[in-house]
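What follows is each chain in one-letter form.
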Amino acid sequence: MPASHSTQYRDPSTALEYLASYPRKDGLSISELFDSNTHGGLTYNDFLMLPGKIDFPASDVATDSRITRNVTLKTPFMSSPMDTVTEKNMAVHMALLGGIGVIHHNQPAAEQAAMVRAVKRHENGFITDPVVFSPKHKVQDVLDIKARLGFCGIPITDTGALGGKLLGIITSRDVQFRNPDDLIDDAMTKENLVTAPAGTTLAEANELLRLSKKGKLPIIDSKGCLVSLLARSDLLKNVNFPFASKHSETKQLYAAAAIGTRPADKDRLKLLVEAGLDIVVLDSSQGNSTYQIEMIKWIKQTFPKLEVIAGNVVTRAQAAALIAAGADGLRVGMGSGSICITQEVMAVGRPQATAVYAVAEFANKFGVPVIADGGISNVGHIVKALALGAGSVMMGGLLAGTTEAPGEYFWHDGKRVKTYRGMGSLEAMEQGKSAPKGSVSGPKNPLHPPSSKPTGIVENAATSRYFSESSAVKVAQGVSGDVTDKGSIVHFLPYLHVGIQHSLQDIGVRSVKELQESVTNGDLHEAIVLVNLKQCEPGGNGQRSKTTLRRSSCVRAFRTSTS
């Protein structure tokens, strides 16, 4: 006969009630985990979030999050203003996919402004400043617009400007097989024009455009004068890219660009604003400087509607100075990027998770969102940054190997790769500098042609970012290398987005806002609790740097007299 057991077990139906009797929950609260006296400084690899309860599908998770006081994105993704990461193509696709790309400023101001203009013209609601020609223009003018801006459906008015009487429209079919010197008056479509009256809503205009099967829909007033335009291509983009980051009034894609903090950057910013800039990012490795504070104040006075993201910062003291100056958002991170060596070379910085938590906890009290910039190499890092209070994450190496990143692919050790370099690398700092006489030419920069200027650093964002324009000897704070081909962000960003949704589902929250509230409040039913791994896990973005660096993430931060 089986032996009898005297052990008495509790009634299974009382398990939840008994659980509530435990004096504390599993893991650590956010304040316990980020107690610097106990755990020092932490990176994303030093902790995990414990799972919650799943009672909803992952598709229900909302990832809307603020990046500035007045701008909210559908997905919390931003691409870094680096010359191997974000130019026009990246900025357009980031915005279409619900994020935003920050166009770098390591280039002439006119070229950067042209990229901003291209982003703004890529998708519109009612186009209130369309390209308009008169009958006296030539077919060649239409072909030039197509080559420069990518379209050729252009309304024709008697004055050649918006507000003139609509006479016709010129399309790609109209100019096919035409002599470039032919007048538009002889080629344009004049009969059976499909138009809509002024006052038509965007929904009504879109429906009329869909039914008419036309490429453009001119909007005219009671006198037949052109007041705006609607494009069929934008209607298609609304269907294909439902998360697109658009201005609520103009329905154009959001455009963001970086500038420095020197006097010449004021002139650069004026060009960018004229091109339609919505968000300016002040690009500096150490944001708490008189240069940046003065620049913020000048921007807020000169362009009060322009959103200003300041930084970079890693402490509350740095954040406070920029918030007081008028910043609408803050970039957090110093030396945490995969190609940044500031912490090793300068002995200055802070472990990224601790930096994000400390700055976000402070800045959020003033309604200023923070952007976790650097150290992001996978979906888990993104979710951890959001849980610590970040409104979004800024990615460099994670996006550098994509199709939309600047530069050409090449083969290295049997792998298809693209160049990726830190803006603090010597290569970036030497951008635009002519070689000494008698020197042997090295390999050409794969991103930009050699400078035609004879002397000095030309339009160099790298030197101004690290306050080293006047230094005869440059001290590198970044390295160069290459990253493996990741394909197009049209596929990669949706992968990251779905990954976030599944992560939040595992945690048991339905939105980024709910995630952050649960972390902060530690509610009993939806508490987010954390467990310290106390281990250092090397990671990467498929990058092979010319300099192999291994930094310890399990360190104790200490305070200097200036922090």
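Model, not experiment: these values are computed from the prediction.

Chemist: Quick question: what am I supposed to make of the overall build of the chain here?
Modeler: Counting secondary structure elements, the chain contains 21 helices and 21 strands. In the chain, which comprises 563 residues, the proportion classed as buried is 51%. Here the analysis covers contacts within the chain between residues at least 6 apart in sequence; of these, 68% occur between residues at least 24 apart. Carbon and sulfur atoms form 53% of the exposed surface of the chain, whose accessible area is close to 27000 Å².

Chemist: Sorry, what's going on with the sheet that holds strand β5 (residues 100-103) here?
Modeler: Pairing between the strands of a sheet is mediated by backbone hydrogen bonds and can be parallel or antiparallel. Ordered in space as β4-β5-β11-β12-β13-β14-β15-β16, the eight strands form a closed barrel in which the pairing is parallel. Averaged over all neighbouring strand pairs, the angle between strand axes comes to 25°, with direction disregarded. Where strand β11 (residues 256-259) meets strand β12 (residues 279-282), four bridges bridge the pair, whose relative direction is parallel. Bridge pairing in β12 links alanine 256 to isoleucine 279. Packed on one face of the sheet, helix α12 (residues 290-302) meets β11, β12 and β13 (307-313) and runs near 170° to β13.

Chemist: Teacher, can you tell me more about the packing of aromatic side chains here?
Modeler: Given two aromatic rings, their pairing is described by the distance between the two centres and the angle made by the two planes. For the structure on display, the rule yields six aromatic pairs. Relative to phenylalanine 303, the ring of tryptophan 298 lies with its centre 5.9 Å away and its plane at 85°, an arrangement referred to as edge-to-face. Neither tryptophan 298 nor phenylalanine 303 differs from the other in exposure class; each is buried. Between phenylalanine 362 and phenylalanine 366 the ring centres are 5.1 Å apart and the planes differ by 50°, which places this aromatic pair in the tilted class. Given a relative accessible area of 19%, phenylalanine 362 falls into the buried group.

Chemist: How should I be thinking about the pairing of strand β14 (residues 329-332) in this particular structure?
Modeler: Side chains Gly329 and Arg331 of β14 all project onto a buried face; the interleaved residues Leu330 and Val332 project onto the opposite face, where all are buried too. Of the crossover connections in this fold, the one passing from β13 over helix α13 (residues 316-325) to the parallel β14 is right-handed. Pairing between β14 and strand β15 (residues 370-373): three bridges, direction parallel. By the bridge assignment, valine 332 is partnered in β15 with alanine 372.

Chemist: What's the story with the nonpolar core in this structure? I'm lost.
Modeler: What tends to happen in soluble globular proteins is that the nonpolar side chains get buried as a cluster. Grouped together as the largest cluster of nonpolar side chains are 93 residues, with contacts concentrated most on Leu269, Ile299 and Leu330. Not counting residues within four places of it along the chain, the set of residues in contact with isoleucine 299 comprises Ile259, Leu269, Val280, Leu282, Pro304, Leu306 and Val308. In terms of nonpolar packing, the next biggest core, distinct from the first, is built from 14 residues, Leu73, Ala256, Ile279 and Ile371 among them.

Chemist: In this structure, what is going on with helix α5 (residues 109-122)? I would like to understand it.
Modeler: Since one α-helical turn is 3.6 residues long, residues separated by three or four positions face the same way. Given a rise of 1.5 Å per residue, 14 residues ought to cover 20 Å, and the 20 Å separating the end C-alpha atoms of α5 matches this to within 8%. Of the surrounding elements, those touching the buried residues of α5 are α4 (88-96), β5, β11 and α11 (264-274).

Chemist: Is there a simple way to explain the packing of α4 against α5 in this structure?
Modeler: In a pair of packed helices, the angle between the axes and the distance between the axes together describe the arrangement. Interaxial distance between α4 and α5 falls to 9 Å at its minimum, and their mutual angle equals 30°. Looking at the two axes, α4 sits roughly parallel to α5. Where α4 crosses over α5, the two elements pack in a sense that is right-handed. Counted together, Lys88, Ala91, Val92 and Leu96 of α4 and Met115, Ala118, Val119 and His122 of α5 form the full contact between these two elements. Looking at the contact of α4 with α5, its residues break down into six nonpolar, one polar and one charged.

Chemist: Is there a simple way to think about the sheet that holds strand β10 (residues 226-231) in this case?
Modeler: Ordered by their spatial adjacency, three strands build an open sheet running β8-β9-β10, and the pairing between neighbours is mixed. For this open sheet the edge positions go to β8 (196-197) and β10, each flanked by a neighbour on one side alone. Pairing geometry for β8 and strand β9 (residues 216-220), over two bridges, is parallel. Opposite proline 197, over in β9, you have isoleucine 220 as the bridge partner. Contacting β8, β9 and β10, helix α9 (residues 202-212) crosses the sheet at an angle of about 65° to β10.

Chemist: Would you take a moment to explain the pattern of salt bridges for this structure?
Modeler: Oppositely charged side chains can form a pair if their charged atoms are brought close together. Inspection of the entire model under this criterion finds 13 salt bridges. Close ionic contact of aspartate 283 with arginine 331 constitutes a salt bridge, the shortest N to O distance being 3.0 Å. Residue aspartate 283 is found in the loop between β12 and α12, and its partner arginine 331 is found in strand β14; the two are separated by 48 residues along the sequence. Summarising the burial analysis for this pair, aspartate 283 and arginine 331 share the class buried. Through salt bridges that share partners, Arg69, Lys300 and Asp328 make up one connected network.

Chemist: In this structure, what is going on with α4? I would like to understand it.
Modeler: The buried fraction of α4 is high, at seven of nine residues. All buried positions along α4 are accounted for by Met90, Ala91, Val92, His93, Met94, Ala95 and Leu96. Along its buried surface, α4 packs onto β4 (77-79), β5, α5, α17 (397-400) and α20 (489-507). One or two steps after α4, the chain reaches glycine 98, where phi turns positive at roughly 100°.

Chemist: Which parts of the structure should I look at to understand a nonpolar patch on the surface?
Modeler: Side chains of Leu16, Tyr18, Leu19 and Tyr22 sit close together on the surface and give an oily, nonpolar patch of about 480 Å² of accessible area. Note that tyrosine 22 resides in the loop between α1 (15-19) and α2 (30-33).

Chemist: I would appreciate a short explanation of the pairing of β9 in the present structure.
Modeler: Working note: regular strand, side chains alternate between the two faces of the sheet. Counting buried residues along β9, five of its five residues qualify, which places the element largely inside the surrounding structure. The side-chain alternation of β9 yields two buried faces, one formed by Lys216, Pro218 and Ile220 and the other by Leu217 and Ile219. Of the strand pairs in this sheet, β9 and β10 are connected by five bridges, and their pairing is antiparallel. Residue leucine 217 lies in a different strand from β10, and its bridge partner there is leucine 230. Hairpin connection from β9 to β10: five residues lie between these consecutive antiparallel strands, with glycine 224 at a positive phi of about 80°.

Chemist: Just to check I follow, could you spell out unusual backbone geometry for this structure?
Modeler: Peptide bonds are trans in most cases, and residues, glycine excluded, mostly fall at negative phi. Cis geometry is found at the peptide bond from glycine 311 to asparagine 312, where omega equals 5°. Here asparagine 312 is to be found in strand β13. The phi angle at phenylalanine 177 is positive, at roughly 65°, despite the residue not being glycine.

Chemist: How do you make sense of the packing of α11 against α12 when you look at a structure like this?
Modeler: Orientation of α11 relative to α12, taken along the N-to-C sense of each, is 35°, at an axis distance of 12 Å. Along this stretch, α11 crosses α12, giving a crossing that reads as right-handed. Between α11 and α12, the residues in contact are Asp265, Lys266, Leu269 and Lys270 and Met295, Trp298 and Ile299, respectively. By residue class, the composition of the contact of α11 with α12 is four nonpolar, no polar and three charged.

Chemist: Which parts of the structure should I look at to understand the environment of proline 406?
Modeler: Relative to the elements of secondary structure, proline 406 occurs in the loop between α17 and β17 (410-412). Exposure remark for proline 406: the relative accessible area of 9% places this residue in the buried category. Along the primary structure proline 406 and threonine 84 are separated by 322 residues, whereas in three dimensions their C-alpha atoms are 5.4 Å apart.

Procedures and definitions
Residues numbered from 1 in each chain as written. Predicted model: local features only at pLDDT ≥ 70, side-chain atom pairs only at ≥ 80, totals over all residues. Heavy atoms only, no water. Helix = DSSP H or I, 4+ residues; strand = E, 2+ residues; numbered from the N terminus. Buried < 20%, exposed > 50% of the residue type's maximum accessible area, 1.4 Å probe, protein only. Contact = heavy atoms within 4.5 Å. Areas by Shrake-Rupley, 256 points an atom, 1.4 Å probe, with all protein chains shown as cover. Pairing = 2+ DSSP bridges. Axes fitted to C-alpha atoms, helices over the stretch in contact; angles between N-to-C directions. Phe/Tyr/Trp six-rings, centres within 6.5 Å; stacked < 30°, edge-to-face > 60°. Right-handed = clockwise from strand over helix to strand, strands pointing away. Core = buried A, V, L, I, M, F, W, Y, C linked by side-chain atoms within 4.5 Å. Expected span 1.5 Å × (residues − 1). Parallel < 35°, antiparallel > 145°, perpendicular 65-115°, else oblique. Left-handed = near helix turned anticlockwise from the far one by under 90°. Nonpolar A, V, L, I, M, F, W, Y, C, P; charged D, E, K, R; others polar. Salt bridge = Lys/Arg side-chain N within 4 Å of Asp/Glu carboxyl O. Patch = residues over 30% accessible without salt bridge, like charges linked within 9 Å, V, L, I, M, F, W, Y side chains within 5 Å.

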